[in-house]
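This is what each chain is made of:
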Amino acid sequence: MRNIGKVTFQGLVIKGQVVLKRGKLMHAIYEKLMKCFEIVQAKVTFRPKVALILGSGLGGYAEDMEVEAAVDYKEIAGFPISTVQGHQGRFIFGYVKNVPAVVMQGRVHYYEGYSISDVVLPVRLMGLLGAETVFLTNASGAINRSYTAGDFMLLRDHILMGVPSPLIGPSVEELGTRFPDMSEVYNKNLRDIIASAARALDIKLHEGVYLQASGPNFETPAEVNAFGILGADVVGMSTACEAVAANHMGLKVCAISCISNSAAGISPTPLTHAEVQETADAAAPRFKALVTESIVRIGSA
Ligand code: HPA
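Residues numbered from 1 in each chain as written. Predicted model: local features only at pLDDT ≥ 70, side-chain atom pairs only at ≥ 80, totals over all residues.

### Topic: the overall build of the protein chain
Part 1 of the reasoning: Across its full length, the protein chain holds seven helices and twelve strands.
Part 2 of the reasoning: Over its C-alpha trace the protein chain gives a radius of gyration of 19 Å, about what one expects of a compact globule, namely 19 Å for 301 residues.
Part 3 of the reasoning: Seen through its principal axes, the protein chain has C-alpha atoms that stretch 60 × 45 × 35 Å.
Part 4 of the reasoning: Across the 301 residues of the protein chain, 42% fall into the buried class.
Part 5 of the reasoning: Long-range contacts, defined as pairs at least 24 residues apart, comprise 80% of the intrachain contacts of the protein chain with a sequence gap of at least 6. (Helix = DSSP H or I, 4+ residues; strand = E, 2+ residues; numbered from the N terminus. Rg over C-alpha atoms; globule rule 2.2 N^0.38 Å. Buried ≥ 20, exposed ≤ 12 C-beta atoms within 10 Å, placed from the backbone. Contact = placed C-beta atoms within 7 Å.)

### Some words on the site of the ligand
Part 1 of the reasoning: With respect to spatial proximity, 13 residues lie near the ligand, and among them A139, G141, V235, G236 and V276 are the closest.
Part 2 of the reasoning: For the shell around the ligand, the elements supplying multiple residues, two or more each, are strand 8 (133–142), strand 11 (234–236) and strand 12 (252–262).
Part 3 of the reasoning: Among the elements that make up the shell around the ligand, the one with the highest residue count is strand 8 (three residues).
Part 4 of the reasoning: Its residues assigned to classes, the shell around the ligand shows seven nonpolar, five polar and one charged. (Near = placed C-beta within 6 Å. Nonpolar A, V, L, I, M, F, W, Y, C, P; charged D, E, K, R; others polar.)

### Examining the packing of helix 1 (residues 28–43) against helix 3 (residues 121–128)
Part 1 of the reasoning: Axis separation between helix 1 and helix 3 bottoms out at 10 Å; the angle between their running directions is 55°. Viewed along their axes, helix 1 and helix 3 adopt a mutual orientation that is oblique. The two elements helix 1 and helix 3 meet at a crossing, and its hand is right-handed. Note on element contacts: helix 3 touches helix 1 through L121, R124, L125 and L128, opposite K32, L33, C36, F37 and V40.
Part 2 of the reasoning: When its residues are assigned to classes, the contact of helix 1 with helix 3 shows seven nonpolar, no polar and two charged. (Axes fitted to C-alpha atoms, helices over the stretch in contact; angles between N-to-C directions. Parallel < 35°, antiparallel > 145°, perpendicular 65-115°, else oblique. Left-handed = near helix turned anticlockwise from the far one by under 90°.)

### A short note on the pairing of strand 6 (residues 90–96)
Part 1 of the reasoning: Bridging between strand 5 (residues 66–72) and strand 6 involves six bridges; their strand directions are antiparallel. By the bridge assignment for strand 6, A70 is matched with I92.
Part 2 of the reasoning: The sheet contact formed by strand 6 and strand 7 (residues 99–105) spans seven bridges and is antiparallel. Across the sheet, the residue bridging to R90 is Q105, located in strand 7.
Part 3 of the reasoning: Linking strand 6 to strand 7, which pair antiparallel, is a turn of two residues; within it K97 sits at a positive phi near 55°. (Pairing = 2+ DSSP bridges.)

### Observations concerning helix 1
Part 1 of the reasoning: Relative to the 22 Å expected for 16 residues at 1.5 Å per residue, helix 1 spans 23 Å between its end C-alpha atoms, a close match to the ideal helical length.
Part 2 of the reasoning: The set of residues buried in helix 1 consists of I29, L33, C36 and V40. Down the axis, helix 1 shows its buried residues gathered within 65° of arc, on one side only. Exposed residues on helix 1 whose side chains face more than 90 degrees from its buried face are E38, Q41 and A42. (Expected span 1.5 Å × (residues − 1). Arc of directions from axis to C-beta.)

### Thoughts on the environment of V108
Part 1 of the reasoning: Assignment of secondary structure puts V108 in the loop between strand 7 and helix 2 (116–119).
Part 2 of the reasoning: In the structure, V108 is positioned 29 residues away from F79 in sequence and 10.0 Å away in space, judged by C-alpha atoms.
Part 3 of the reasoning: If we ignore the near neighbours within four places in the chain, the residues touching V108 are P80, I81, S82, Y114, D118 and V119.

### Quick look at the pairing of strand 7
Part 1 of the reasoning: The element strand 7 is largely enclosed, with a buried count of six among its seven residues.
Part 2 of the reasoning: For strand 4 (residues 50–53) and strand 7, the ladder comprises four bridges, and the chain directions are parallel. Residue I53 lies in a different strand from strand 7, and its bridge partner there is M104.

If you want it as structure tokens, here you go:
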């Protein structure tokens, strides 16, 4: 047998990490998650119902919340911290109208070099903190030619492209089963609720397929063309992996994308991060209203 680590009083230790506790299978990914969970739990007793992950443009969302507590990611040892400009790094606990929620101001992306299990650690943590519903938001480029910048799309399904499944590695049975079903990652009931919220606000809402590419480069026109043939309506660099991890642990998932640009080859001009940010910022008031109305309706469903 290969010598992979040493057995101490605590259990099997590899590179200083207890990966197998005496008497109990404890995987390193789960161990790290539990450590983060313990740190946050020691700081906050608030129990959220909804976990909201803010994408581009929604950074200021928490300003309208009744805030009960905030935890900087820096305070959580081992927690992945974003290197992207414009992404703040903290959890806000409080009420969206009367719905208890935890809001992630800033997320990490796979392209930042974190392992895929680190990328989904925050969403798992919010599930452990009590959230039953995960509400994901993002900015994306339109592949579907009937979509324009400033539109919104409700995710019906997704394609992971060049990004590994967040469930790769030893099975963490504490979180979920080895081979989870993914035939309805984005909960149909939640989709109906969000669609009714959009109708009530008179906001146009497409429903379609999101493709998560690895980034950080924008796609080539040939890739965009290929993704369209595969069935994608929009392309972005987040969300699908988080949705898989949340679904794996039995959370209800929904997601809305703010279309910030036409994808490469469809757009007449080269893509820039500034363009994405500008359009997402301009759409932010309508995006905020849609998210809030959706959460209110989810809270009373
Ligand atoms: N491609 C990938 N990610 C994105 C885009 C895009 O065109 N726009 C916003 N995020």
